[in-house]
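Below are the chains, spelled out letter by letter.
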Amino acid sequence: MVTKTAADTRERILRAAAALLAAAGRDGLSTRAVSAAAGVQPPALYRLFGDKDGLLDAVAAYGFDEYLTSKRALGSTGDAVADLRRGWDLHIEFGLSRPEFYVLMYGDARPGRTSPAGREAEAMLRSIVERVAAAGRLRVSVERAARLVHATGMGVVLSLIATPEEERDPELSETARETVLSRILTGAAEPAGSDLPERAIALRAGLDGATVLTGAERVLLAEWLDRIADA
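Right, let's walk through the structure included here. (Residues numbered from 1 in each chain as written. Predicted model: local features only at pLDDT ≥ 70, side-chain atom pairs only at ≥ 80, totals over all residues. Heavy atoms only, no water.)

1. Some points on helix H9 (residues 172-184)
An α-helix turns once per 3.6 residues; consequently, residues spaced three or four apart project the same way.
(1) Moving on: The end-to-end C-alpha distance of H9, which contains 13 residues, comes to 19 Å, matching closely the 18 Å that a straight helix rising 1.5 Å per residue would cover.
(2) Moving on: Regarding H9, the residues found buried are Ser173, Ala176, Arg177, Val180, Leu181 and Ile184. In a view along the axis of H9, the buried residues occupy a sector of 130°, so they form one face of it.
(3) Moving on: On its buried face, H9 is in contact with helix H5 (80-97) and helix H8 (142-161). (Helix = DSSP H or I, 4+ residues; strand = E, 2+ residues; numbered from the N terminus. Expected span 1.5 Å × (residues − 1). Buried < 20%, exposed > 50% of the residue type's maximum accessible area, 1.4 Å probe, protein only. Arc of directions from axis to C-beta. Contact = heavy atoms within 4.5 Å.)

Right under this line is the structure:
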């Protein structure tokens, strides 16, 4: 019963915080305002979330749950590159439909601090990029490709959010997406593994299955392959 009560209180606080965020942006998320809107005392909020940063992370995760659910539901078409495009489009669509949550999630980036929701979203992106690599379609390392896609997509969303809707370039997202893909992908007509970087990337994608190597040997070989891929 105690656990259920705590869970109910947490849910009530998150609903109140989400409503305040949508109405007043991040400035409306003071602990006093959230506590009052949820009908709880501030100490209850601190017990459940630790501090304001903990509350903000929880609110971002709460808002991102819809996005993560949609991203999980995308599944696979069997074409990793097509799935990468679909993932990009879903990310942009979510950011523009829920700008307050998106800015809370990505608009105050700090070194070494990534919310659990952010880590899950990045892991999903990396998984798709790894599939692209395994298909022999990647011309840079998985790490570099994932970072480039993530950084560019985030920049597109934040730029569009900051632009009045009537002034937004409707082709910006697609142009940015295809520019990034042209940088990280091999040509569709090119045979997989046609040059050394592509061979290194394809080998790196399957390295975890190389049980003949020790863990330390796999780590060292992975480092070498990434250096070849990004040379």
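Now that the structure is up, let's keep going.
2. Notes on the pattern of salt bridges
(1) Moving on: Under the defined criterion, the tally for this structure stands at 9 salt bridges.
(2) Moving on: Note that Asp83 and Arg131 form a salt bridge whose closest N and O atoms lie 2.7 Å from each other. Here Asp83, found in helix H5, pairs with Arg131, found in helix H7 (residues 116-134); they are 48 residues apart in sequence, far enough to count as distant.
(3) Moving on: Between Arg147 and Glu143 there is a salt bridge; the shortest N-O distance is 2.7 Å. With a gap of 4 residues between them, Arg147 and Glu143 both fall in helix H8, about one helical turn apart.
(4) Moving on: Residue Arg147 is classed as exposed on the basis of its relative accessible area, which comes to 56%.
(5) Moving on: Beyond isolated ion pairs, a larger network of salt bridges with shared partners links Arg85, Asp89, Arg177 and Glu178. (Salt bridge = Lys/Arg side-chain N within 4 Å of Asp/Glu carboxyl O.)

3. Here we look at the layout of surface pockets
(1) Moving on: Taken as a whole, the second largest pocket holds about 230 Å³ of empty space.
(2) Moving on: If you trace the second largest pocket, you find it lined by Glu122, Ala123, Leu125, Arg126, Glu143, Ala146, Arg147, His150 and Ala151.
(3) Moving on: The element that contributes the greatest number of residues to the lining of the second largest pocket is H8, accounting for 5 residues.
(4) Moving on: Classifying every residue of the lining of the second largest pocket by side-chain character gives 4 nonpolar, 1 polar and 4 charged. (1 Å grid on protein atoms, 1.4 Å probe; cavity = no way out; pocket = protein on both sides within 12 Å on 5 of 7 lines; lining within 4 Å. Points joined across faces, edges and corners; volume = space filled by probe spheres on them. Nonpolar A, V, L, I, M, F, W, Y, C, P; charged D, E, K, R; others polar.)

4. Considerations on H5
(1) Moving on: Under the 1.5 Å per step criterion, the end-to-end length of H5 is 26 Å for 18 residues, consistent within 8% with the ideal 26 Å.
(2) Moving on: Within H5 the residues assigned to the buried category are Ala80, Val81, Asp83, Leu84, Gly87, Trp88, Leu90, His91, Ile92, Phe94 and Gly95.
(3) Moving on: The secondary structure elements touched by the buried residues of H5 are helix H4 (52-73), helix H6 (99-106), H7, H8 and H9.
(4) Moving on: The N-capping residue of H5, defined by a side-chain oxygen 3.0 Å from the backbone nitrogen of Val81, is Asp79. (Polar contact = N/O pair within 3.5 Å; in protein donor to acceptor, adjacent residues only side chain to side chain.)

5. Let's talk about empty space enclosed by the protein
(1) Moving on: Considering all chains together, one arrives at 1 cavity of 30 Å³ or more under this definition.
(2) Moving on: Its boundaries defined by the atoms lining it, the largest cavity holds a volume of some 170 Å³.
(3) Moving on: What lines the largest cavity is a set of 15 residues, among which Tyr67, Lys71, His91, Leu125 and Val149 lie closest to the centre.
(4) Moving on: Broken down by secondary-structure element, the contributors of at least two residues to the lining of the largest cavity are H4, H5, H7 and H8.

6. Observations concerning the packing of aromatic side chains
Describing an aromatic ring pair means giving the distance of the ring centres and the angle of the ring planes.
(1) Moving on: One pass over the full model with this rule turns up 4 aromatic pairs.
(2) Moving on: Relative to Tyr102, the ring of Phe64 lies with its centre 6.4 Å away and its plane at 35°, an arrangement referred to as tilted. A residue pair is termed long-range when its members are at least 10 positions apart, and Phe64 in helix H4 and Tyr102 in helix H6 qualify at 38 residues.
(3) Moving on: For Tyr102, a relative accessible area of 0% corresponds to the buried category. (Phe/Tyr/Trp six-rings, centres within 6.5 Å; stacked < 30°, edge-to-face > 60°.)

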